[in-house]
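# Geometric and topological summary
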Amino acid sequence: TATPIPRSLYLGFNKIQDMSIIDTPPISRRKIITQSVIQETSQFVSIIKHELARNGQVYIVYNSVVDIGSFTNKVLSFCPFASVGFIHGSLPTDRVNTTMKKFRNKEVDVLISSSIIESGVDIPNVNTIIIYNSHRFGLSQLYQLRGRVGRSNIQAYCYLSVPKETRLSSEASERLRTIITNSSLGS
């Protein structure tokens, strides 16, 4: 979706510029295990503990800027063993940069973020992502968000969380089923 990609495709298809295709993943890269989970505190604690036990870090995508601070406090209350930070696009740039620097330096274990991490973020130590209310995201967003993990040779996990009481539309169910089914490299 970045501007250079459509431009490059246009130039390649119109034979203005040569185009090469890389159709194999980097050596030792693994597919991201993707699954749907119910949004429950015990589920999140288990997921976070598992990743921290592997000496990794966790993204939680929480796409509501209005109450991301209170959600962060909730995560802190049920995960007192983890250091937790949050970012979103409405924060001052220096605060986002400071939090991201702490996360990169492993001073923060769990980063709660809006979808601003969707592209351009490459932190190989982050091998688990929980996408909160995943049924509200489009297929391309889910694909991009899942791509924030699995950027090393360590097994990565993507958890698509949905509320227990929510009845998903057929379109939302199909999007989640599609992203779960197509989790192998290059799919």
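Please refer to the structure higher up on the page.
So, a few notes on the structure that sits alongside this text. Model, not experiment: these values are computed from the prediction.

Attention shifts here to the overall build of the protein. Helix and strand counts for the protein stand at six helices and six strands. Here the C-alpha atoms of the protein give a radius of gyration of 17 Å, agreeing with the 16 Å that 2.2 N^0.38 yields for 187 residues. On the principal axes, the C-alpha backbone points of the protein span a range of 55 × 40 × 35 Å. For the protein, the proportion of its 187 residues judged to be buried stands at 42%. Expressed as a percentage of contacts within the protein between residues at least 6 apart in sequence, the contacts between residues at least 24 apart total 76%. Entry remark: accessible area of the protein is about 10,600 Å², with carbon and sulfur atoms responsible for 51%. Seen as two clouds, the 21 positive and the 13 negative side-chain charges of the protein have centres 2 Å apart.

What follows concerns unusual backbone geometry. Here Lys 15, not a glycine, exhibits a phi torsion of approximately 55°, which is positive. Along the chain, the position of Lys 15 falls in the loop between α1 (4-13) and β1 (33-38). Despite not being glycine, Asn 133 shows a phi value in the positive range, around 55°. Inspection of the secondary structure assignment puts Asn 133 in the loop between β5 (126-131) and α5 (139-146).

Right, let's get into the packing of aromatic side chains. Taken as a whole and assessed by the stated rule, the structure comprises six aromatic pairs. Ring centres 4.1 Å apart and planes at 10° place the aromatic pair Tyr 62 and Phe 71 in the stacked group. Judged by relative accessible area, which is 5%, Phe 71 ranks as buried. Three or more aromatic residues link up through ring pairs in this structure, and these residues are Phe 44, Tyr 62, Phe 71 and Tyr 132.

A word on a nonpolar patch on the surface. Taken together, Leu 9, Phe 13, Met 19 and Ile 21 make up a surface patch of nonpolar side chains, about 440 Å² in accessible area. Mapped onto the fold, Phe 13 is located in helix α1.

Time to look at the environment of Glu 40. Within the element layout of this structure, Glu 40 appears in the loop between β1 and α2 (41-53). Here the alpha-carbon distance between Glu 40 and Ser 169, two residues 129 residues apart in the chain, equals 21 Å.

What counts, and where the lines are drawn
- Residues numbered from 1 in each chain as written.
- Predicted model: local features only at pLDDT ≥ 70, side-chain atom pairs only at ≥ 80, totals over all residues.
- Heavy atoms only, no water.
- Helix = DSSP H or I, 4+ residues; strand = E, 2+ residues; numbered from the N terminus.
- Rg over C-alpha atoms; globule rule 2.2 N^0.38 Å.
- Buried < 20%, exposed > 50% of the residue type's maximum accessible area, 1.4 Å probe, protein only.
- Contact = heavy atoms within 4.5 Å.
- Areas by Shrake-Rupley, 256 points an atom, 1.4 Å probe, with all protein chains shown as cover.
- Lys, Arg positive; Asp, Glu negative; His and termini not counted.
- Charge placed at Lys NZ, Arg CZ, Asp CG, Glu CD.
- Phe/Tyr/Trp six-rings, centres within 6.5 Å; stacked < 30°, edge-to-face > 60°.
- Patch = residues over 30% accessible without salt bridge, like charges linked within 9 Å, V, L, I, M, F, W, Y side chains within 5 Å.
- Salt bridge = Lys/Arg side-chain N within 4 Å of Asp/Glu carboxyl O.

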